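# Topology and contacts: notes
As a plain string of letters, each chain reads:
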Amino acid sequence: MTDASHLSWQLLMVGPGIGHITPDIQDKLATLLDLLPTTAIINVQTDAGYVTVSRDWPSHRMKTVGSLVDAIAAAPGITAIDLPENR
């Protein structure tokens, strides 16, 4: 499984079925998201309701992303840069 301490993000889980998401399942979900980098959200249905699972990045990381995008956009000859919505 994925060693969560090496991930630059953490799991964000929301929904009424969250009580069914054990640490073992959390590890498996983190591994899935690690193996499938283009997957933004995993929906898990439980008998208590849904759980939406996604990645959550620290705010300083997103500030770095913004700075990099601004620097690229300001470079000579660059007219646009488009990133997925998960920015």
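Up top is the structure these notes are about.
These notes cover the structure that comes with them. All figures in this text were calculated on a predicted structure; none of them were measured in a lab. (Residues numbered from 1 in each chain as written. Predicted model: local features only at pLDDT ≥ 70, side-chain atom pairs only at ≥ 80, totals over all residues. Heavy atoms only, no water.)

## Observations regarding a nonpolar patch on the surface
Taken together, the side chains of Leu 68, Ile 72, Ile 78, Ile 81 and Leu 83 make up a nonpolar region of the molecular surface, amounting to roughly 400 Å² of accessible area. When you line up the elements, Ile 72 lands in helix H2 (residues 59–74). With a relative accessible area of 41%, Ile 72 lands in the partly exposed category. (Patch = residues over 30% accessible without salt bridge, like charges linked within 9 Å, V, L, I, M, F, W, Y side chains within 5 Å. Areas by Shrake-Rupley, 256 points an atom, 1.4 Å probe, with all protein chains shown as cover. Salt bridge = Lys/Arg side-chain N within 4 Å of Asp/Glu carboxyl O. Helix = DSSP H or I, 4+ residues; strand = E, 2+ residues; numbered from the N terminus. Buried < 20%, exposed > 50% of the residue type's maximum accessible area, 1.4 Å probe, protein only.)

## As for the side chain of Ser 54
Checked against the element boundaries, Ser 54 lands in strand S3 (residues 49–56). When residues no more than four places from it in sequence are discounted, the contact partners of Ser 54 are Gln 10, Leu 11, Leu 12, Leu 33, Ala 40 and Ile 41. (Contact = heavy atoms within 4.5 Å.)

## Topic: the side chain of Thr 46
Here Thr 46 lies in strand S2 (residues 41–46). Thr 46 gets classed as buried once you look at its relative accessible area, which sits at 15%. A polar contact is formed between the side chain of Thr 46 and the backbone nitrogen of Ala 48, at a distance of 3.0 Å. At 2.6 Å, the side chain of Thr 46 forms a polar contact with the backbone oxygen of Gly 49. (Polar contact = N/O pair within 3.5 Å; in protein donor to acceptor, adjacent residues only side chain to side chain.)

## Notes on the nonpolar core
Grouped together as the largest cluster of nonpolar side chains are ten residues: Leu 7, Trp 9, Met 13, Ile 21, Leu 29, Ala 30, Leu 33, Ile 42, Val 51 and Val 53. Those elements that provide at least two residues to this core are helix H1 (23–35) and S3. Ignoring any residue separated from it by four or fewer positions in sequence, one finds Ile 21 in contact with Met 13, Gln 26, Leu 29, Val 44 and Val 51. (Core = buried A, V, L, I, M, F, W, Y, C linked by side-chain atoms within 4.5 Å.)

## Details of the pairing of S2
Relative to S3, S2 runs antiparallel, the two sharing six bridges. Within S3, the residue paired with Ile 42 across the bridge is Val 53. (Pairing = 2+ DSSP bridges.)

## Focus on the packing of aromatic side chains
Taken as a whole and assessed by the stated rule, the structure comprises zero aromatic pairs. Lying across the ring of Trp 9, Arg 55 places its NZ or CZ 5.3 Å from the centre. (Phe/Tyr/Trp six-rings, centres within 6.5 Å; stacked < 30°, edge-to-face > 60°. Lys NZ or Arg CZ within 6 Å of the ring centre and 35° of its normal.)

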